[in-house]
Amino acid sequence: MSSGNPQKNARVLIATCQTLDVASEDADANFLTTHYPENYFSHIVIDECHRSAWGKWLQVLTRNPSAVQIGLTATPRKLEITERTAEALGDAQITADNLRHFGDPVYEYDIAQGIEDGYLAACEIVRRDIFLDAKLRPERETGVAAEDLAGKLLTDALTGEMLTTAEVRARYEATDFEERLRLPDRVQAMCHDLFRHLLATGGPEQKTIIFCARDRHADDVTIAMNNLYATWCAEQGRQRLEPYAFKCTAAGGGADYLPDLRGAARHHFVAITVDLLTTGVDVPCVRNVVFFKYVRSPIAFYQMVGRGTRLDPVTEKLMFRVYDYTDATRLFGEEFKGKFRPPGKATSIEPPEPPEPPERTAQVEGFEVRVTDAGRYIVISEDGRAVPVTVEDYKQRLAARLVEAAPTLEEFRRRWILPAARRELLARLPEGGRSALLIRALKHMADYNLYDVLGDLGYGLAPRTRPDRADAFTYKHAGWLSGLPRRTEATLKALAGQFARGGTDSLESPQVFQMPEVLRAGGLPALKIRGEPGEILLETKERLFAA
């Protein structure tokens, strides 16, 4: 429906809060009340129902008490509030409203279950710790005290006026960074660290979203990322693809860039935002979600992480990474440890303390900033719960499941060369075999066949790249090959070349005999010279994977 046409002759109406005039506290719901009397609708489906505390759209529900009312949300239905911040308490009120109105959920589908079932991209968490100067504990624990500012350049971030330590706070918590206290050295160190990770995981031209604390912080990060990219292109002798990093905030008209982030393959790679991309944005090609801001709202956190969960068959995206510089994934881990439980006796929620009066934002330069590894994790489903486990733990679980299905390397090889047995074997692994693809990506083994990835993981096999394995086959089995008819030998070598390019699946594809190299060598008729083609292909695979 639109604000000018109520579409009252339709049986199914699709509306927004804006068209119903219930989007804000100032709205009068005039369009809703004028065109749709009470109990007009028999069924009401509300998407993003976690927004129930916003505006006046609750009238859509209260004016239709006899309707079947269904609320849909990808946000957790119950939050265990462990941090009494204004954001967390606001989230608690929203979920309380949901539970009070909709009651217990009739159906739940956990993110880890979605990953295991193949509907969502697998998630790797890369946690980083930030240390200021020579402190032994990370910034999230130490913050910045007045004595830490001694000897450093301290200015008013807006006017550039020189400040003394007496004119700023006695202490800044890490959550104040880039909001009340700007730290240019910290921005540079974090951007350098992130860029280094991008280089190590496929290159800097990956679709990435970085969440910043405020608009000015987004400006600083955008400049830093573009400078790093320009330097890298110059060092590599590459032409820059512009724009590379761009600010995507409401203040900067960021919504105009969303189509480019979503669809452009040669520009608009790194979107730097504050809140604009938290929800309602479907960008399947995003491979990295980065937290440069301290997140205090569990609901906002889930929405941010959700930007990376979409699968993207076009770019063969099966996984995404969360780079966590601010311990944001503490919310992820805590919340996914338990499913919804019906609420017990109601408890009152203390209101947050009133906001502090406006104060000047300080900028300090001269910090030595270190960024260190704080662990890598994979989100898995465990007893119906989504739980982050370390990458090493994930590998051990996969190896244990593999060895349980095929106790020895010989048994693994025997099952691998038979398509049906291989499919059954992979199906017994976590996530139906996608775990093997994830391990290959995590270990940067794109040039290796899954046989070598799993053989290394489960049985200590020295892995070979696909070209190396094909070469080893022709070298180690030169005597066997030379004893075959010339055209048969040439065809089997051509098939080994196809394996070097595409792995096991390409070797077994019926179309492989239509490839020019295979046809020139002799093709399927050349294998029939020796007997049944299926038998010689099976023997070839036995020798190939034993090479």
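Position numbers for residues count from 1 along each chain, tracking the sequence in the order it is written. Per-residue local features of the predicted model are confined to residues with pLDDT of at least 70, and side-chain atom pairs are confined, for both listing and counting, to 80 or more; whole-chain, interface and lining totals are unaffected and use all residues. Hydrogen atoms and water are omitted, and side-chain values are computed over all heavy atoms in the structure.

Participant: Help me understand helix H14 (residues 419-427) in this model?
Facilitator: Owing to its 3.6 residues per turn, the α-helix aligns residues three or four sequence positions apart on the same side. Among all positions in H14, only Ala421, Arg422, Leu425 and Leu426 are buried. Projection of H14 onto a plane perpendicular to its axis shows the buried side chains occupying an angular sector of 130 degrees, all on one side. For H14, the exposed residues lying more than 90 degrees away from the buried face are Ala420, Arg423 and Ala427. For H14, the elements touching its buried residues are helix H12 (391-405), helix H13 (409-416), helix H16 (450-459) and helix H20 (504-508). Exposure classes here rest on a 1.4 Å probe applied to the protein chains alone. A residue is buried below 20% of its type maximum, exposed above 50%, and partly exposed in between. Segments assigned H or I by DSSP are reported as helices when at least four residues long, segments assigned E as strands when at least two residues long, and all are numbered from the N terminus. By arc we mean the arc of the directions from the helix axis to the C-beta atoms, nothing more. In what follows, a contact means two residues having at least one pair of non-hydrogen atoms within 4.5 Å.

Participant: Hey, could you run me through unusual backbone geometry in this one?
Facilitator: The bulk of non-glycine residues show a negative phi, and the bulk of peptide bonds are trans. The peptide bond linking Glu242 to Pro243 adopts the cis configuration, its omega dihedral lying at -10 degrees. Mapped onto the elements of the fold, Pro243 is located in the loop between helix H8 (215-236) and strand S9 (245-247). Within the chain, Asp21 stands out as a residue other than glycine whose phi angle is a positive 60 degrees. With a phi close to 55 degrees, Glu316 is a non-glycine residue in the positive phi region. Relative to the helices and strands, Glu316 is located in the loop between helix H10 (298-306) and strand S12 (319-324).

Participant: Please clarify how the state of the cysteines should be interpreted in this entry.
Facilitator: Each disulfide consists of one covalent bond between the sulfur atoms belonging to two cysteines. Note on terminology: pairs of cysteine sulfur atoms within 2.5 Å are recorded as disulfides. Using the criterion set out here, one finds zero disulfides in the structure. The thiol sulfur of Cys191 is not disulfide-bonded, and the nearest other cysteine sulfur, from Cys212, lies at 7.7 Å.

Participant: Teacher, can you tell me more about the environment of Arg376 here?
Facilitator: Within the secondary structure, Arg376 sits in strand S14 (residues 369-382). Put simply, Arg376 and Thr390 are 14 residues apart on the chain and 5.7 Å apart in space, counted from C-alpha to C-alpha. Filtering out sequence-adjacent residues up to four positions away, Arg376 remains in contact with Glu124, Ile125, Val126, Val389, Thr390, Val391 and Leu442. One polar contact links Arg376 to Glu124, side chain to side chain, over a distance of 2.8 Å. In protein, a polar contact requires one atom able to donate a hydrogen and another able to accept it; more generally it is a pair of N or O atoms within 3.5 Å, and residues adjacent in sequence count only if both atoms are side-chain atoms.

Participant: Teacher, can you tell me more about the pattern of salt bridges here?
Facilitator: Pairing between side chains of opposite charge can happen when their charged atoms approach one another. Salt bridges are counted wherever a side-chain nitrogen of Lys or Arg sits within 4 Å of a carboxyl oxygen of Asp or Glu. One pass over the full model with this rule turns up 38 salt bridges. Salt-bridge contacts for Asp148 lead to Lys135; the nearest nitrogen and oxygen are separated by 3.1 Å. Of the two residues, Asp148 sits in the loop between strand S4 (144-145) and strand S5 (153-156) while Lys135 sits in the loop between strand S3 (122-132) and helix H6 (139-142), which places them 13 residues apart along the sequence. Given the relative accessible area of 24%, Lys135 is considered partly exposed. Of the charged contacts in the structure, one is a salt bridge between Glu242 and Arg240, with a shortest N-O distance of 2.7 Å. For Arg240, a relative accessible area of 44% gives the class partly exposed.

Participant: Honestly, H8 in this entry has me stumped. Any pointers?
Facilitator: Expected helix span is computed as 1.5 Å times (number of residues minus one). Here H8 spans 32 Å end to end across 22 residues, near enough to the 32 Å set by a 1.5 Å rise per residue. By the burial criterion, the buried members of H8 are His217, Ala218, Asp220, Val221, Thr222, Ala224, Met225, Leu228, Tyr229, Ala230, Trp232 and Cys233. Buried-residue contacts for H8 involve strand S7 (181-182), helix H7 (184-200), strand S8 (208-211), S9 and strand S10 (270-273). Just downstream of H8, Gly237 is the residue with a positive phi angle, here 65 degrees.

Participant: Can you walk me through the packing of aromatic side chains in this structure?
Facilitator: Here the distance between the centres and the angle between the planes together describe a pair of aromatic rings. Planes of paired rings set the category: under 30 degrees apart is stacked, over 60 is edge-to-face and the rest tilted, where pairs are Phe, Tyr or Trp rings (Trp by its six-membered ring) whose centres lie within 6.5 Å. On inspection of all chains with the given rule, the structure shows 18 aromatic pairs. Relative to Phe291, the ring of Phe211 lies with its centre 5.9 Å away and its plane at 25 degrees, an arrangement referred to as stacked. With a gap of 80 residues between them, Phe211 in strand S8 and Phe291 in strand S11 (residues 288-291) connect regions that are remote in the sequence. For the pair shown, Phe211 and Phe291 are each scored as buried. Joined through ring pairs, the aromatic side chains of Phe412, Trp416, Tyr451, Tyr459, Phe499 and Phe545 make up one cluster. The lysine or arginine in question, Arg127, covers the ring of Tyr377, its NZ or CZ lying 4.3 Å from the ring centre. Over a ring means this: the NZ of a Lys or the CZ of an Arg is within 6 Å of the ring centre and within 35 degrees of the ring normal. The ring of Trp416 has Arg422 lying over it, and the distance from NZ or CZ to the ring centre is 5.4 Å.

Participant: What exactly am I supposed to notice about the pairing of S12 here?
Facilitator: Along any regular strand, the residues point their side chains to alternate faces of the sheet. For S12, the tally of buried residues reaches six of six residues, placing the bulk of the element in the interior. On the question of chirality, the crossover connecting S11 to the parallel S12 by way of H10 is right-handed. A right-handed crossover is one whose linking path, passing over the helix from the first strand to the second, runs clockwise when the strands point away from the viewer.

Participant: What should I look at first to understand the nonpolar core in this one?
Facilitator: Soluble globular proteins: nonpolar side chains tend toward being buried together. Residues Phe412, Trp416, Leu454, Leu492 and Leu495 are the most contacted members of the largest nonpolar core, which totals 56 residues. Put simply, buried Ala, Val, Leu, Ile, Met, Phe, Trp, Tyr and Cys residues joined by side-chain atoms within 4.5 Å make one nonpolar core. By size, the runner-up hydrophobic cluster in this structure holds 46 residues, among which are Val144, Tyr172, Ile210 and Tyr229.

Participant: I would appreciate a short explanation of the environment of Val305 in the present structure.
Facilitator: Relative to the assigned elements, Val305 resides in helix H10. Look at Val305 and you get buried, because its relative accessible area is 4%. In the structure, Val305 is positioned 96 residues away from Ile209 in sequence and 10.0 Å away in space, judged by C-alpha atoms.

Participant: I'm lost on the sheet that holds S5 in this one. Help?
Facilitator: Pairing between strands requires that DSSP locate at least two bridges from one strand to the other. Reading across the sheet, the three strands line up as S5-S13-S7 and stay open at both edges, with mixed pairing between neighbours. Each end of this open sheet is capped by a strand with a single partner; those strands are S5 and S7. Pairing geometry for S5 and strand S13 (residues 362-365), over four bridges, is antiparallel. Across the sheet, the residue bridging to Leu153 is Glu365, located in S13. Set on the sheet, H7 makes contact with S7 and S13; between it and S13 the angle comes to about 65 degrees. For helices, the fitted line uses only the C-alpha atoms of the stretch in contact; every axis is such a line through C-alpha atoms, and the angle between N-to-C directions lies from 0 to 180 degrees.

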